[in-house]
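Results of the structural survey
Here is how the chains run, residue by residue.
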Amino acid sequence: MSNMTRHQVLYPVPSNIDVSLLTLFNCANALTGFIGNTVVCVLVFRYHFLRLRAEILLGSLAVADMVVCVLAQPMYVAHIHNLMKYSYYLQICRKAITWCATLASVNNIFLISIDRFLAVTFLQRYRTVMTLQSLRTAVGATWSLSLIMGISAVFSRKAKIISQYFVIIVLTAVFCLCTRTLMVVHVKARSIMRHLREADLRSSYHLSPILNRERTLAKTVGIIIAAFYISFLPLVILPFFTAILRKNSAAWNAAWQAFPWVNTLALCGSSINPYIYYWRSARFRMALKTIRLAYLKSVTI
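Summary of the structure given here. (Residues numbered from 1 in each chain as written. Predicted model: local features only at pLDDT ≥ 70, side-chain atom pairs only at ≥ 80, totals over all residues. Heavy atoms only, no water.)

1. A look at the side chain of Ser105
Residue placement: Ser105 occurs in helix α4 (residues 88-121). If we skip the residues at most four places from it in the chain, Ser105 touches Leu61, Ala64, Asp65 and Phe228. (Helix = DSSP H or I, 4+ residues; strand = E, 2+ residues; numbered from the N terminus. Contact = heavy atoms within 4.5 Å.)

2. Points about a nonpolar patch on the surface
Taken together, the side chains of Leu31, Phe34, Ile35, Val39, Val70, Leu71 and Tyr275 make up a nonpolar region of the molecular surface, amounting to roughly 590 Å² of accessible area. When residues of the nonpolar patch are traced back to their parent elements, those giving at least two are α2 (16-46) and α3 (53-80). For the nonpolar patch, the leading source of residues is α2, giving 4 residues. On the secondary structure map, Leu31 appears in helix α2. (Patch = residues over 30% accessible without salt bridge, like charges linked within 9 Å, V, L, I, M, F, W, Y side chains within 5 Å. Areas by Shrake-Rupley, 256 points an atom, 1.4 Å probe, with all protein chains shown as cover. Salt bridge = Lys/Arg side-chain N within 4 Å of Asp/Glu carboxyl O.)

3. Focus: the side chain of Ser146
Mapped onto the secondary structure, Ser146 falls in helix α6 (residues 132-155). You can call Ser146 buried: its relative accessible area is 1%. Reaching out from Ser146, the side chain makes a polar contact with the side chain of Asn107 at a distance of 2.8 Å. Ignoring sequence-local partners within four residues, the contact set of Ser146 consists of Cys100, Leu103, Ala104 and Asn107. (Buried < 20%, exposed > 50% of the residue type's maximum accessible area, 1.4 Å probe, protein only. Polar contact = N/O pair within 3.5 Å; in protein donor to acceptor, adjacent residues only side chain to side chain.)

4. Points about the pattern of salt bridges
Summed over the entire model, instances satisfying the criterion amount to 1 salt bridge. With a shortest N-O distance of 2.6 Å, Asp115 and Arg116 are connected by a salt bridge. Residue classification places Asp115 among the buried positions, given a relative accessible area of 1%. Judged by relative accessible area, which is 3%, Arg116 ranks as buried.

5. Examining the packing of α2 against helix α9 (residues 250-268)
Contact geometry for α2 and α9: axes closest at 10 Å, N-to-C directions at 5°. Between α2 and α9, the angle is such that the two are roughly parallel. Counted together, Asp18, Leu21, Leu22, Phe25, Asn26 and Asn29 of α2 and Pro260, Trp261, Thr264, Leu267 and Cys268 of α9 form the full contact between these two elements. Taken together, the residues that form the contact of α2 with α9 break down as 7 nonpolar, 3 polar and 1 charged. (Axes fitted to C-alpha atoms, helices over the stretch in contact; angles between N-to-C directions. Parallel < 35°, antiparallel > 145°, perpendicular 65-115°, else oblique. Nonpolar A, V, L, I, M, F, W, Y, C, P; charged D, E, K, R; others polar.)

6. Remarks on the nonpolar core
Membership of the largest hydrophobic core comes to 49 residues, with the highest contact counts inside it found for Val106, Val167, Leu171, Ile225, Phe232, Tyr277 and Phe284. The element contributing the most residues to this core is helix α8 (residues 209-244), with 10 residues. Not counting the four nearest positions on each side in its chain, Val106 is found in contact with Val167, Val170, Leu171, Phe228 and Phe232. Core analysis: the next-biggest nonpolar cluster, separate from the first, contains 11 residues, Leu22, Met75, Ile97 and Leu267 among them. (Core = buried A, V, L, I, M, F, W, Y, C linked by side-chain atoms within 4.5 Å.)

7. Quick notes on the environment of Ser105
Relative accessible area serves as the criterion here: at 4%, Ser105 is assigned to the buried category. With 165 residues separating them in the primary sequence, Ser105 and Ser270 have C-alpha atoms 8.5 Å apart.

8. A look at the packing of aromatic side chains
The geometry of an aromatic ring pair is captured by two quantities: the separation of the ring centres and the angle between the planes. Counted under the stated rule, the structure contains 4 aromatic pairs. Arranged with centres 5.0 Å apart and planes meeting at 15°, the rings of Phe228 and Phe232 form a pair that is stacked. With Phe228 and Phe232 both in helix α8 and 4 residues apart, this pair spans about one turn of that helix. For the pair Phe228 and Phe232, one class covers both residues: buried. Measuring from centroid to centroid gives 5.5 Å for Tyr277 and Phe284, while their planes differ by 20°, and the two rings are stacked. On the accessibility criterion, Tyr277 (1% relative accessible area) is buried. A cation over an aromatic ring shows up here: Arg280 above the ring of Trp279, its NZ or CZ 5.7 Å from the ring centre. (Phe/Tyr/Trp six-rings, centres within 6.5 Å; stacked < 30°, edge-to-face > 60°. Lys NZ or Arg CZ within 6 Å of the ring centre and 35° of its normal.)

9. Here we look at α6
Helix length check: α6, at 24 residues, gives a terminal C-alpha distance of 35 Å against a target of 34 Å (1.5 Å per residue), a fit within 8%. Of all the positions in α6, only Leu135, Val139, Thr142, Ser146, Met149, Gly150, Ala153 and Val154 are classed as buried. (Expected span 1.5 Å × (residues − 1).)

10. Comments concerning the packing of α4 against α6
Between two packed helices, both the angle of their axes relative to each other and the distance between the axes serve to describe the pair. Contact geometry of α4 with α6 gives a least axis separation of 8 Å together with a crossing angle of 145°. Between α4 and α6 lies a crossing of right-handed hand. Taken together, the residues of the contact of α4 with α6 sort by class into 18 nonpolar, 5 polar and 2 charged. (Left-handed = near helix turned anticlockwise from the far one by under 90°.)

11. Notes on the state of the cysteines
The final tally for this structure, using the stated rule, is 0 disulfides. Just so you know, Cys268 is unpaired, no disulfide at all, and the nearest cysteine sulfur is the one on Cys69, 8.4 Å from it. (Disulfide = S-S within 2.5 Å.)

Written as structure tokens, this is what we have:
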């Protein structure tokens with residue numbers, strides 16, 4: 001009995017103030033994220049000029065973010081209020097939804113990074129290589145992989161560890177692809193400007209329309225990935241940090257007390273992207289303005 005007591009792991013419980021603040025942040029974020037991601041999905045579905053390759057991928061990411069805001073965050077609020085501890089099936093459901101939505105977000109960002117890298121590297125051949133049909137197939141494969149890995153991670157510890165390392169590898173690859181994409185855009189832009197100077201075309205001092213669009217999209221994707229890293233990396237690092245600490249020590253307890261906030265930060269990342277689209281994309285702003293004007297016209301009539 002004494003040996004059991006000596007090796008017993010006691011996880012710290014959040015205080016009432018922490019629970020109240022966590023509930024407030026998660027509920028507010030879930031609401032803003034639901035509104036923003038719903039608007040993105042409606043715009044991509046409704047307007048043909050937003051159903052291009054980059055916008056289709058951003059729409060797929062918006063669906064993953066919506067799953068987080070609509071299902072994962074409300075269920076996490078119920079979890080921190082201990083409303084699920086008496087139902088094994090609800091706990092399994094919450095873990096499966098969280099894992100699947102998280103992996104879907106990571107894999108969609110990975111797919112977006114690959115797409116942007118191909119787009120800026122092969123400017124002229126990109127549209128012939130990356131057809132809409134191949135893009136839809138890639139999106140379907142991304143979601144299928146996310147669902148398989150997410151559900152497996154709930155029922156198998158080995159699958160959970162594999163999924164954790166998979167996320168780390170993918171995030172590393174995303175960083176490398178994004179960095180390489182921005183470098184290629186910068187080099188090609190400087191090359192065009194140099195040719196214009198040599199040809200003495202001062203009146204035509206502008207980049208090609210294709211490169212200009214790809215440069216804007218690359219910067220937008222870079223901002224989205226940076227926001228994702230800021231919100232998600234602490235959740236990736238914390239489990240490894242707690243694993244090397246002595247259990248029930250002061251540092252171990254402090255790390256586990258921070259876990260609900262780190263998890264909330266990761267979930268809150270799903271509400272940021274729609275507002276980045278609105279800030280960076282003239283197409284999204286134009287589509288939103290069009291649908292707003294149509295609504296006001298229907299109300300006044």
